[in-house]
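# Summary of the model geometry
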Amino acid sequence: MASSNPFASILKTLEKPEGGEFGKYYSLPALGDPRIDRLPYSIRILLESAIRNCDEFQVKAKDVEKIIDWENSSPKQVEIPFKPARVLLQDFTGVPAVVDLACMRDAMNMLGGHSNKINPLVPVDLVIDHSVQVDVARSENAVQANMELEFQRNKERFGFLKWGSNAFDNMLVVPPGSGIVHQVNLEYLGRVVFNREGILYPDSVVGTDSHTTMIDGLGVAGWGVGGIEAEAAMLGQPMSMVLPGVVGFKLSGKLKDGVTATDLVLTVTQMLRKHGVVGKFVEFYGQGMSELSLADRATIANMSPEYGATMGFFPVDHVTLQYLKLTGRSEETVSMIESYLRANNMFVDYSQPQVEKVYSSCLELNLEDVEPCMSGPKRPHDRVPLKEMKADWHSCLDNKVGFKGFAIPKESQSKVVEFSFHGTPAQLRHGDVVIAAITSCTNTSNPSVMLGAALVAKKACELGLEVKPWIKTSLAPGSGVVTKYLEKSGLQKYLNQLGFNIVGYGCTTCIGNSGDLHESVGSAISENDMVAAAVLSGNRNFEGRVHPLTRANYLASPPLVVAYALAGTVDIDFETEPIGLGKDGKQIFFRDIWPSTEEVANVVQSSVLPEMFKATYEAITQGNPMWNQLSVPSSILYTWDPNSTYIHDPPYFKSMTMSPPGPHGVKDAYCLLNFGDSITTDHISPAGSIHKDSPAAKYLMERGVDRRDFNSYGSRRGNDEIMARGTFANIRIVNKLLKGEVGPKTIHIPSGEKLTVFDAAMRYKSEGQDTIILAGAEYGSGSSRDWAAKGPMLLGVKAVIAKSFERIHRSNLVGMGIIPLCYKPGQDAETLGLTGHERYTIDLPSSVSEIKPGQDITVVTDNGKSFTCILRFDTEVELAYFDHGGILQYVIRNLIAGKQ
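A short tour of the structure in this document, coming up. (Residues numbered from 1 in each chain as written. Predicted model: local features only at pLDDT ≥ 70, side-chain atom pairs only at ≥ 80, totals over all residues. Heavy atoms only, no water.)

## Brief notes about the side chain of D349
- With respect to the helices and strands, D349 occurs in the loop between α12 (331-343) and β15 (361-366).
- What makes D349 buried here is its relative accessible area of 10%.
- A polar side-chain atom of D349 sits 3.2 Å from a polar atom in the side chain of R342.
- The residues touching D349, leaving out its near neighbours within four places in the chain, are H318, R342 and Q354. (Helix = DSSP H or I, 4+ residues; strand = E, 2+ residues; numbered from the N terminus. Buried < 20%, exposed > 50% of the residue type's maximum accessible area, 1.4 Å probe, protein only. Polar contact = N/O pair within 3.5 Å; in protein donor to acceptor, adjacent residues only side chain to side chain. Contact = heavy atoms within 4.5 Å.)

## Observations concerning the nonpolar core
- Judged by nonpolar contacts, the single largest core of 270 residues is most densely connected at W223, F284 and Y779.
- Among the elements that line this core, the one with the most residues is helix α4 (residues 91-110), at eleven residues.
- In this structure, Y840, F867, L879 and F882 belong to the second largest nonpolar core, which totals 26 residues. (Core = buried A, V, L, I, M, F, W, Y, C linked by side-chain atoms within 4.5 Å.)

## Side note on the packing of aromatic side chains
- Tallying each qualifying case throughout the model produces 29 aromatic pairs.
- With 4.7 Å between their ring centres and 50° between their planes, Y564 and F574 make a pair best called tilted. With Y564 in helix α19 (residues 558-567) and F574 in the loop between α19 and β24 (580-581), the pair connects residues that are ten residues apart, well separated along the chain. Residue Y564 shares its accessibility class with F574, and that shared class is buried. (Phe/Tyr/Trp six-rings, centres within 6.5 Å; stacked < 30°, edge-to-face > 60°.)

## With respect to the packing of α4 against helix α31 (residues 887-896)
- Taken N-terminus to C-terminus, the directions of α4 and α31 make an angle of 45°; their axes are 11 Å apart at the nearest point. Overall, the two elements α4 and α31 adopt an arrangement that is oblique. Relative to α31, α4 is oriented so that their crossing is right-handed. Across the interface between the two elements, D100, M104, A107 and M108 from α4 touch L888, V891, I892, L895 and I896 from α31.
- Split into classes, the residues belonging to the contact of α4 with α31 amount to eight nonpolar, no polar and one charged. (Axes fitted to C-alpha atoms, helices over the stretch in contact; angles between N-to-C directions. Parallel < 35°, antiparallel > 145°, perpendicular 65-115°, else oblique. Left-handed = near helix turned anticlockwise from the far one by under 90°. Nonpolar A, V, L, I, M, F, W, Y, C, P; charged D, E, K, R; others polar.)

## Overview of the pattern of salt bridges
- Applying the stated criterion across every chain yields a total of 45 salt bridges.
- Its salt-bridge partner being D682, residue R785 comes within 2.9 Å of it at the nearest N-O pair. Taken together, the positions of R785 in the loop between β29 (771-774) and α28 (787-794) and D682 in helix α24 (residues 681-684) put the pair 103 residues apart, joining distant regions of the chain.
- You can call R785 buried: its relative accessible area is 6%.
- Using a relative accessible area of 8% as the deciding quantity, one classes D682 as buried. (Salt bridge = Lys/Arg side-chain N within 4 Å of Asp/Glu carboxyl O.)

## Details of α28
- Most of α28 sits out of view: seven of its eight residues are buried.
- The set of residues buried in α28 consists of W787, A788, A789, K790, G791, P792 and L794.
- Remark: G796 follows α28 within two positions and exhibits a positive phi of approximately 95°.

## Let's talk about the pairing of strand β30 (residues 797-802)
- Along β30, five of the six residues are buried, which leaves the element largely enclosed by surrounding structure.
- Note: β29 against β30, four bridges, orientation parallel. Bridge pairing in β30 places T771 opposite V797.
- Looking at chain direction, β30 and strand β31 (residues 819-823) are connected through four bridges and run parallel. When the sheet's bridge partners are listed, A802 is paired in β31 with C822.
- With respect to chirality, the unit in which β30 leads through helix α29 (residues 807-815) into the neighbouring parallel β31 is right-handed. (Pairing = 2+ DSSP bridges. Right-handed = clockwise from strand over helix to strand, strands pointing away.)

## Digging into the sheet that holds strand β32 (residues 839-842)
- Taking strand neighbours around the barrel as the criterion, the seven strands line up as β26-β29-β30-β31-β34-β33-β32 in a closed arrangement whose pairing is mixed. Each strand of the sheet is rotated relative to its neighbour by a mean of 40°, with strand direction disregarded.
- The sheet contact formed by strand β26 (residues 666-674) and β32 spans three bridges and is antiparallel. Of the residues in β32, the one forming a bridge with V666 is I842.

## Observations regarding the packing of helix α16 (residues 480-489) against helix α22 (residues 610-620)
- Taken N-terminus to C-terminus, the directions of α16 and α22 make an angle of 140°; their axes are 9 Å apart at the nearest point. In terms of axis orientation, α16 runs oblique to α22. Helix-helix and strand crossings are classified by hand; for α16 and α22 the assignment is right-handed. Every residue of α22 that contacts α16 at G480, V481, K484, Y485 and K488 is listed here: M612, F613, A615, T616 and Y617.
- Of the residues that constitute the contact of α16 with α22, the class distribution is six nonpolar, two polar and two charged.

## Structural notes on the environment of R329
- Within the secondary structure, R329 is located in the loop between α11 (318-326) and α12.
- Separated by twelve residues in sequence, R329 and L341 have C-alpha atoms that sit 16 Å apart.
- Setting aside residues no more than four positions away along its own chain, R329 makes contact with N185, L186, E187, Y188, L189, G190, L218, Y323, L324 and V334.
- At 2.9 Å, the side chain of R329 and the backbone oxygen of L186 are in polar contact.

What is shown is where atoms sit, not what they do.
This is the structure in structure tokens:
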């Protein structure tokens, strides 16, 4: 059981500069250990948390020693506990989290415990930003129209979240229409230093969205976790993690004129992806830091999931303090933050000589070497220099189908499709842009690229350029501050003139909420098999994510989004070909509309002001009329509506007893799906639209839901019936059992029938058959999505055998009681001659005490093959979860047994 903190002797008082005290804090310098001075700043945050939470039960003194000895212990993959200061949710992942908490209260009740023990013990902030869709674009009225539709579709979910904000302690819900979670976190929610009950400590956060890492740009340690882990963290469970290696990334020089933060982040993403940083922290340092605004840092930190790191961390320095003042944090708060971080050796002062830090490995980038670029057409780390875009596009048309290929035959590459748009004749070619979206927290949090885009629009309008009316243009800022500075600068009117009217405050196109294309455009693409393009300032461009009809999707800076909208195609060389003709018929080139760095800086200086942040965030908690009119019950147990298609009581705890079920092996399992590399969580559990012929659509229609009201999978994550049917329902999924056919089907092995994945899984379940999944490398990459683990569990999947797993997805599988196994290096299904038609047996000891993290496990097939895999339960705590049948069952039993 827990005992008093063995580090109580280093609890010191932090004096205020003008007299009095801020509070007490655990002093790292008071430990007097020279190893601490060499630790990366990101590791010091883990160290302080371990010291402060040390109770010799959840966190032990030996864990503290492991972190202090990071230089020697991190290469050994040692496990440490971490208790984050707070938890961050958005509504797609937040609804299922609140559903789970409500259903855990019911389980506590059923098992004779106190249901009010299910309450967040740390602050939980939930920002509703994933529900707004671009139904209406290119209209002055778009924000209001889209919000009305958002509320019509999501009234039930929003009501449920509002109930949760009242029923649970420590939970703040930021209403729809306020902004994007990570931008709101950066500009408003981020504390940097907490002062709770007289104790000061660094802010740290885990979030159920992989881009939670954006806050690392503010010197707050934060990263994405699965919804299941986040729920455990809310309930006071320490997160078990492997002590990470830290890659030092040294920056020098400054960006060349006209180069944007987006160009920089795409370059950094490609470099780090190549270096290999999965499961590691990246820490930025060097003289180049002084050239990077905080918004630029946040852009780089935001894309950590795309380069694969757990964090891309920027320690707090003077730039951070300036940003805190700019965003309306009070002088007293900023003074407390600086005093605490200086006293605890967590502040970087570049005016002082720097103590050499130790890193696991190092990289260096001279900012002068960064050149304008984009990424695509299917992956965020496939960077293309702008000057090579046209050539790269042509090779993509030629190449065989893959990440850089569409296999369009030479003779049809110059095909022109004629169609009519609102009675006007129009044409479509391969590479024509049909969606141009300024979207996503990655970029809309950065005033220099947003005002840069507005300056491109101004120059284009003055020269007489226009955007073709059938291109779906949109602007979705991540906070109301953006609107204020665009208005102040006088530039919003030029964006409007080109069709970039504001459509809402949320993720929109970046997460696939791009809305429909005009019917005539959609038909022109699908009936003629055209490769249409989307250009967006987002952070993900996996196939089928942005829009089902855009096969080519390019990530670009907001000003480039405007430039490509004007050009109307990605098949253009900006250096030599004109973007269009101006009002006097003169050719207008890219260089004629591109602003200089100085022009942008001047507008930022005069337009982005502290009072804008203050005014925006003072109003944020007041909600809006539509939110305030939602009436919700005040009970502490939720009253489930059996007819609801949005919120459904899940089956996880229905047959639960107080004794753990123990570990399970797998006997004679069939292979449900056989995958290659890079299967993302978008493939496993799509967030986008519900296809009219899918099992989920059938379920909804049987319950009288009109196709118009299907909404998206993401918005229906509070309903396990729909999410189980949506598992592996991505229309672009490639399952080797189908021998080349693309789509959400599989072969039911015993009968040889081709069925939807859901129907096949249900047939196996009804016949009492276990199933497994075979996969390649990077299984589960992409967004952190707990449904990508909950769904397979509900389908009856008992194990996944892969070459490698994405970090968050592996821990989610563990949390749901699914066994993750990795082939030995150099092996995979191909080399072992596995077709997926075999039956698989995985023997595990029946007592959890006989299983070790990372041990070898033998897999045997019914046709005489036998091979060894690595069991990817990485820590003792994960084995305990497996023993209990899942992380939430473990928490419930412990709460009832009074071990908390």
